[in-house]
Amino acid sequence: MYAYDEFDAAFVAARVEQFRDQVNRRIAGELTEDQFRPLRLMNGLYLQLHAYMLRVAIPYGTLNSAKLRKLADVARKYSRGYGHFTTRTNLQYHWPKLAETPDILAELASVEMHAIQTSGNCIRNVTADHFAGVAADEIADPRPYAEILRQWSSQHPEFSFLPRKFKIAVNGDPHDRAAIQTHDIGLQIVRNAEGELGFTVYVGGGLGRTPFVAKKIRDFLPEQDLLRYVEAIVRVYNLDGRRDNKFKARIKILVHEKGQAAFSEAVEAEYGANAQTALTLSEADIAHMRAYFAPPPLPPRAPESPRIARRRSRDARFDAYMRANVAPHKVPGYAVMTASLKPIGLTPGDCSADQMDAVADLAEDYSHDELRVSHEQNLILPYVALDDLPAVYDRLASVGLATPNAGQVSDIIACPGLDYCTLATARSIPVAQRIAERFGDGARASDIGALKIKISGCINACGHHHVGHIGILGLERAGEETYQITLGGSADENAAIGQITGPGFSSERVVEAVDTIVETYRAQRNDADEPFLATFRRVGMAPFKEALYERSAGSDI
Amino acid sequence: MQEMITANRLRDGLVVFLDAAGGWSEDFHQGAIVEDAAGKAAALAVAARAAADNLVVDVYAIELELRAGHLSPKALRERIRATGPTVRTDLGKQAQGFAPTIANRG
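The shown structure was predicted, so the numbers you read here are calculated from the model rather than taken from an experiment.

A. Spatial organisation of the overall build of chain A. When helices and strands are tallied, chain A shows 18 helices and 21 strands. A compact globule built from 557 residues would reach a C-alpha radius of gyration of about 24 Å, and chain A, at 23 Å, matches this within 12%. Dimensions of chain A along its principal axes, counting C-alpha atoms only, are 60 × 60 × 55 Å. Classification of the 557 residues of chain A by burial places 54% in the buried group. Taking the intrachain contacts of chain A between residues at least 6 apart in sequence as the baseline, contacts between residues at least 24 apart amount to 68%.

Structural data, given as structure tokens:
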């Protein structure tokens, strides 16, 4: 894991004191709200529906036990005993007091954490595959590059006031777990014919009111040119991106309006002209950063664990957990475990302080003091020895974090929605809860298999509904919540924007509509091995539309 | 018309309602009901002074209506704001007995 050097520590400490001064001046009336708002947003502090909300950065979703314990501590002392993990792998506290926020930031700084650039029109937290460094078929760990990008983009003088927010994701596995094609810049690590590492570069992806899958503008960018090329992209965007209309200010609109070829040409010209050798990464730079993320020593172990086999044969729930929540590790004898933050009927992504402490203990005892946050709002223990797995499972289960549903129908991404958010037009969490309760985490959910449901409470699409296999968008119509459904979206290497089924459904009917969609899939699939998305792509919208609007559920609008 | 003036308190961000004495209460039931345009303008002027004095931010008026015999904010957003998250009835005003309505997660 990256460790702060003197410069980082001084930078973060100075920022805390700067914000403390700004907060004091605001409370004393020396700053108006209009003057203060951009300053607090630059430090991750929003004013939400019930109170302030502080968004803490978790760079590329990597944590250790000390950081997670501090997050738990802050939740108890300054919030209401819980936090909410987000789709940017950050953590949000929903109830902090303005006057106490500088103290929170000082506490976070003590474990090398901060809230810088978690809001505002700047380059946000860089995300990465949550199985980085451990996935069995990984090309290279994306986190060293994500950290290089983070350092380069932190308080970058040219890019602190972009037309709009800017999100970058890096993926190091052939399978895209970081949703890179929904990002302003998506970087896919690849090797060229000579075996050299580099990136396939995607630009202009994004969700919100105008969703786009990113366009590929370069097949292979040598790794040493990462910053030069990314700087060229952001510079073109900064100069040409629209500032006249907030809703047209993201880079996706620029790429769309300018055209992929013209945009790509502009970037290549800037890249060619930008001979700043200071930005060219040397092998030593990359090796230096890579060393921070070197895997822990993992002594060779037997590739199979009789202990697991015995437990699976007598414990169906453990067996279900193994099938859904355990991924193969690149080192034989180890596994990657997902602690589900989607217990049936509770809030997706919420984690109590006690649960955070429990996971921190497990990371320390069984996972080389490391854990991850996924953009799907779960926690990951990346280095668990197979023989330890049953014990870790039992401890996760004892704090409600062992729901066997990773990647299944109840592993729902949901934004906070109208229960917390000022922008929301409808609630998301209750819909997620009711869908999870409808399908559960038993035999039916297991039979349905891989199915990603994503729910947003407004058009801004924080719940990624456009790329859900089933996407749900909450809107308000004539004072009532109504839910529009999309099908066929995907955020992986075959990214796609979902298609709208037709008229929306009331809050009362939306769960039944999802049930109808799922049952239509089960009736249409070739066999139980054909997942929802494959069936949808094969049969198209027609049978789903017919089932929704001409037979059972019926629309309300 | 029946309306009430609301805002968020600067220091802690909590939702507050303008009361009849020109103060701010966390409890919806303590909020002053304005019945006409003149009353609303006067209340908003009091609220604007409180904003200028850095006591509150984001001042605005909300519409009220009778729901099941009780006065309540008309918009769902405002009912949730005056009550707390519908998915955590142990949090927010509902946990303090201040809620105008009972949380219902739909």
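B. How the structure looks around the interface of chain A and chain B. Between chain A and chain B, the contact holds 23 residues from the first and 23 residues from the second. Among the elements that make up the side of chain A that touches chain B, the one with the highest residue count is helix H14 (residues 429–439) of chain A (three residues). Residues that form the side of chain A that touches chain B fall into these classes: eleven nonpolar, six polar and six charged.

C. Quick look at the domain arrangement of chain A. Residue and element names in this part refer to chain A. Each domain of chain A was delimited in the assignment, giving domain 1 (6–109), domain 2 (135–292), domain 3 (306–398) and domain 4 (413–551). Contacts between the two partners involve 20 residues from domain 1, matched on the other side by 20 residues from domain 3. Elements supplying a minimum of two residues to the side of domain 1 that touches domain 3: strand S3 (62–63), helix H3 (65–78) and strand S4 (82–85). Looking at the side of domain 1 that touches domain 3, its residues break down into eight nonpolar, ten polar and two charged.

D. Region of the structure containing the packing of helix H10 (residues 306–314) of chain A against helix H11 (residues 316–325) of chain A. Residues and elements named next belong to chain A. Two elements in contact, H10 and H11, have axes whose closest approach is 6 Å; the angle formed by their N-to-C orientations is 120 degrees. Classified by the interaxial angle, the pair formed by H10 and H11 is oblique. Relative to H11, H10 is oriented so that their crossing is left-handed. Counting all contacts with H10, which are made through Ile308, Arg311 and Arg312, the residues of H11 involved are Phe318, Asp319 and Met322. Residue classes in the contact of H10 with H11 are distributed as three nonpolar, no polar and three charged.

E. Representation of helix H2 (residues 76–83) of chain B in the model. Residues and elements named next belong to chain B. Across the eight residues of H2, six count as buried, placing the element largely inside the fold. Within H2, the full set of buried residues consists of Glu78, Arg79, Ile80, Arg81, Ala82 and Thr83. Residues of H2 that are buried in the fold lie against strand S2 (15–18), strand S4 (56–67) and strand S5 (70–73). Downstream of H2 by a residue or two, Gly84 has a phi angle that is positive, lying close to 125 degrees.

F. Representation of the sheet that holds strand S2 (residues 52–56) of chain A. Residue and element names in this part refer to chain A. Spatially, five strands are ordered S1-S2-S5-S4-S13 in an open sheet, and the strand pairing comes out antiparallel. The sheet is open, and its two edges are formed by strand S1 (45–47) and strand S13 (350–352), each paired on a single side. Between one strand and the next, the sheet's axes are offset by a mean angle of 30 degrees, whatever the strand orientation. As paired strands, S1 and S2 are joined by three bridges and run antiparallel to one another. When the bridges of S2 are listed, Tyr46 appears paired with Met53.

G. Geometry of the environment of Ala21 of chain B. Residue and element names in this part refer to chain B. Relative to the elements of secondary structure, Ala21 occurs in the loop between S2 and strand S3 (24–25). C-beta crowding within 10 Å serves as the criterion here: with 10 such atoms nearby, Ala21 is assigned to the exposed category. Measuring from C-alpha to C-alpha, the distance between Ala21 and Arg88 comes to 32 Å, with 67 residues separating the pair along the chain.

H. Examining the environment of Ile286 of chain A more closely. Residue and element names in this part refer to chain A. Its place among the elements puts Ile286 in helix H9 (residues 283–292). Using a count of 17 C-beta atoms within 10 Å as the deciding quantity, one classes Ile286 as partly exposed. Along the chain, Ile286 and Gln224 lie 62 residues apart, while their C-alpha atoms are 8.0 Å from each other. Apart from residues lying up to four places away in sequence, Ile286 is in contact with Pro144, Glu223 and Leu281.

I. Inspection of helix H6 (residues 226–240) of chain A at higher detail. Residue and element names in this part refer to chain A. Helix length check: H6 (15 residues) gives 21 Å between terminal C-alpha atoms against 21 Å at 1.5 Å per residue, within 8%. Most of H6 is tucked away: eleven of the 15 residues are buried. Three or more residues of H6 are buried, namely Leu226, Leu227, Arg228, Tyr229, Val230, Glu231, Ala232, Ile233, Val234, Val236 and Tyr237. In this structure, the buried side of H6 is in contact with helix H5 (143–153), strand S8 (185–191), strand S9 (197–203), strand S10 (215–222), helix H7 (251–258) and helix H8 (260–273).

J. Representation of the packing of helix H12 (residues 353–366) of chain A against helix H13 (residues 389–398) of chain A. All names here are of chain A. The N-to-C vectors of H12 and H13 enclose an angle of 170 degrees; their axes lie 10 Å apart at closest approach. Here H12 is positioned roughly antiparallel relative to H13, judged by the angle of their axes. In contact with Ala358, Leu362 and Tyr366 of H12, H13 contributes Val392, Arg395 and Leu396. Taken together, the residues that form the contact of H12 with H13 break down as five nonpolar, no polar and one charged.

Here is what the cut-offs are and how they apply
- The written sequence of each chain sets the order in which its residues are numbered from 1.
- Throughout, the order in which chains and ligands are written sets their labels, letters from A for the former and numbers from 1 for the latter.
- The predicted origin of the model limits local features to residues at a pLDDT of at least 70 and limits the giving and counting of side-chain atom pairs to 80 or more, whereas totals for whole chains, interfaces and linings rest on all residues.
- Every helix listed is a DSSP run of H or I at least four residues long, and every strand listed is a run of E at least two residues long, numbered separately from the N terminus.
- We compute the radius of gyration over the C-alpha atoms and compare it with the globule rule, which gives 2.2 Å times the number of residues raised to the power 0.38.
- Around each residue's C-beta, the other C-beta atoms within 10 Å are counted; 20 or more make the residue buried, 12 or fewer make it exposed, and counts in between make it partly exposed. All C-beta atoms are placed from the backbone.
- Contact definition: two residues whose C-beta atoms, as placed from backbone geometry, lie within 7 Å.
- Gly is put with the polar residues, along with every residue not named as nonpolar or charged; the nonpolar set is Ala, Val, Leu, Ile, Met, Phe, Trp, Tyr, Cys and Pro, and the charged set is Asp, Glu, Lys and Arg.
- Domain boundaries shown here were taken from an automatic or database domain assignment.
- Lines fitted to the C-alpha atoms define the axes, with helices restricted to the stretch that makes contact. Angles between their N-to-C directions range from 0 to 180 degrees.
- The labels follow the angle: roughly parallel below 35 degrees, roughly antiparallel above 145, roughly perpendicular from 65 to 115, and oblique for the rest.
- For a crossing to be left-handed, the near helix must be turned anticlockwise from the far one by less than a right angle; the clockwise case is right-handed.
- DSSP bridges decide pairing: two strands pair if at least two such bridges lie between them.
- Take the number of residues in a helix, subtract one, and multiply by 1.5 Å to get its expected span.

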